[in-house]
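An overview of the molecular structure
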Amino acid sequence: GAGVSQSPSNKVTEKGKDVELRCDPISGHTALYWYRQSLGQGLEFLIYFQGNSAPDKSGLPSDRFSAERTGGSVSTLTIQRTQQEDSAVYLCASSFTGGAYEQYFGPGTRLTVT
Amino acid sequence: GENVEQHPSTLSVQEGDSAVIKCTYSDSASNYFPWYKQELGKRPQLIIDIRSNVGEKKDQRIAVTLNKTAKHFSLHITETQPEDSAVYFCAASTPTGNQFYFGTGTSLTVIP
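As a starting point, this report considers the structure included with it.

Reading guide: rules and limits
- Residues numbered from 1 in each chain as written.
- Chains lettered and ligands numbered in written order.
- Predicted model: local features only at pLDDT ≥ 70, side-chain atom pairs only at ≥ 80, totals over all residues.
- Heavy atoms only, no water.
- Helix = DSSP H or I, 4+ residues; strand = E, 2+ residues; numbered from the N terminus.
- Contact = heavy atoms within 4.5 Å.
- Buried < 20%, exposed > 50% of the residue type's maximum accessible area, 1.4 Å probe, protein only.
- Pairing = 2+ DSSP bridges.
- Core = buried A, V, L, I, M, F, W, Y, C linked by side-chain atoms within 4.5 Å.
- Axes fitted to C-alpha atoms, helices over the stretch in contact; angles between N-to-C directions.
- Buried area = accessible area lost by both parts, 1.4 Å probe.
- Salt bridge = Lys/Arg side-chain N within 4 Å of Asp/Glu carboxyl O.
- Polar contact = N/O pair within 3.5 Å; in protein donor to acceptor, adjacent residues only side chain to side chain.
- Nonpolar A, V, L, I, M, F, W, Y, C, P; charged D, E, K, R; others polar.
- Phe/Tyr/Trp six-rings, centres within 6.5 Å; stacked < 30°, edge-to-face > 60°.

1. Brief notes about the environment of B:Ser9
All names here are of chain B.
- Considering the arrangement of structural elements, one finds Ser9 in the loop between β1 (5-7) and β2 (10-14).
- Along the chain, Ser9 and Pro34 lie 25 residues apart, while their C-alpha atoms are 18 Å from each other.
- With residues near it in sequence (within four places) discarded, Ser9 still touches Gly105, Thr106 and Ser107.

2. Re the environment of B:Ala92
Residue and element names in this part refer to chain B.
- Among the structural elements, Ala92 can be located in strand β9 (residues 86-93).
- Assessed through its relative accessible area of 0%, Ala92 is described here as buried.
- The sequence separation of Ala92 and Leu66 amounts to 26 residues, and the corresponding C-alpha distance is 11 Å.

3. Focus: the pairing of strand β8 (residues 88-95) of chain A
Residue and element names in this part refer to chain A.
- Most of β8 sits out of view: 8 of its 8 residues are buried.
- Here β8 shows a buried face lined by Ala88, Tyr90, Cys92 and Ser94 and a second buried face lined by Val89, Leu91, Ala93 and Ser95.
- Here 7 bridges tie strand β4 (residues 31-37) to β8, and the two strands are oriented antiparallel to one another. Its bridge partner being in β8, Trp34 is matched across the sheet by Cys92.

4. Some details on the nonpolar core
- Membership of the largest hydrophobic core comes to 41 residues, with the highest contact counts inside it found for A:Tyr35, A:Phe105, B:Trp35, B:Phe73, B:Leu75, B:Phe102 and B:Leu108.
- Here the element with the most residues in this core is β9(B); it accounts for 6 residues.
- If you look at the next biggest cluster of nonpolar residues, it comprises 20 residues, including A:Ile26, A:Ile47, A:Ile79 and A:Leu111.

5. Focus on the sheet that holds strand β6 (residues 56-59) of chain B
Residues and elements named next belong to chain B.
- Here 5 strands make up an open sheet; going across it, the order is β1-β3-β8-β7-β6 and the pairing antiparallel. In this open sheet, the two strands that pair with only one neighbour each are β1 and β6. Direction aside, neighbouring strands of the sheet carry axes that sit 15° apart on average.

6. Some thoughts on the interface of chain A and chain B
- At the junction of the two partners, chain A supplies 21 residues and chain B supplies 20 residues.
- A buried area of about 1,600 Å², summed over both sides, lies between chain A and chain B, and 54% of it is on carbon and sulfur atoms.
- Taken as a group, A:Leu43, A:Ala100 and A:Phe105 account for 31% of the area that chain A buries against chain B, more than any other trio of residues on that side.
- Applying the counting rule to chain A against chain B returns 0 salt bridges.
- Linking chain A with chain B are 3 residue pairs in polar contact (both at pLDDT 80 or more), by the criterion used here.
- Broken down by secondary-structure element, the contributors of at least two residues to the side of chain A that touches chain B are β4 and β5 (44-50) of chain A.
- When grouped by side-chain class, the residues that make up the side of chain A that touches chain B number 11 nonpolar, 8 polar and 2 charged.

7. Looking at the packing of aromatic side chains
- For the structure shown, the criterion picks out 15 aromatic pairs over all chains.
- Ring geometry for A:Tyr35 against A:Phe45: centres 6.3 Å apart, planes inclined by 70°, an arrangement best described as edge-to-face. Of this pair, A:Tyr35 sits in strand β4 while A:Phe45 sits in strand β5, and the two are 10 residues apart along the sequence. A:Phe45 matches A:Tyr35 in its accessibility class, with the two residues each being buried.
- Taking 6.1 Å as the distance between ring centres and 70° as the angle between the ring planes, the aromatic pair formed by A:Phe105 and B:Phe102 counts as edge-to-face. With A:Phe105 in strand β9 (residues 104-105) and B:Phe102 in strand β10 (residues 100-102), the pair connects residues from two separate chains. No difference in accessibility class separates A:Phe105 from B:Phe102, as the two residues are buried.
- Three or more aromatic residues link up through ring pairs in this structure, and these residues are A:Tyr33, A:Tyr35, A:Phe45, A:Tyr48, A:Phe105, B:Tyr36, B:Phe89, B:Tyr101 and B:Phe102.

Function cannot be inferred from these measures alone, as they are strictly geometric.
Given below as structure tokens:
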């Protein structure tokens, strides 16, 4: 079946602009995670959605970052007033449910802020 | 929150030798410890995982060991091959999954 998809694959934006990144998880997966991976770095947890529960936003680095998950499926990560330090690959992952289950990652969106 | 530390950050081994990567975690509530492999330019993929009711798990050339008392777990790759070259990430998760933290990664190079 279809895996996790993300769009766009690449995004170049000017400093100060807003961007939206999209994630389509695997159908039936109730858990969805967003991570940020800077060049040569690890995976930084950003936000976690589980079903219809309130999301865990503890990893969001600033109030410029927000995320939604509509209908328990598609998720959008929004970065307002982008800064150069926001440049990174943003990865989305989904799993059957939260906790001890394999996460399936999308291909990522490479964001470059000029 | 959870703090996952991973060592070494880089590792080079000769083909056929073994490679060991170690991780420690801080949250005693963590009970799920997966390892992901990320090849250059690709997405991370799960290679093996272990739950806290198990001390060791093996899958062909890959094994993971867990010491809950000491809060550390390790990945062991035997008979390494060039295609094992990649970045490996450990992670720790609490039962609810809302705390899922990755280590900083180990770049493994297997020299033919």
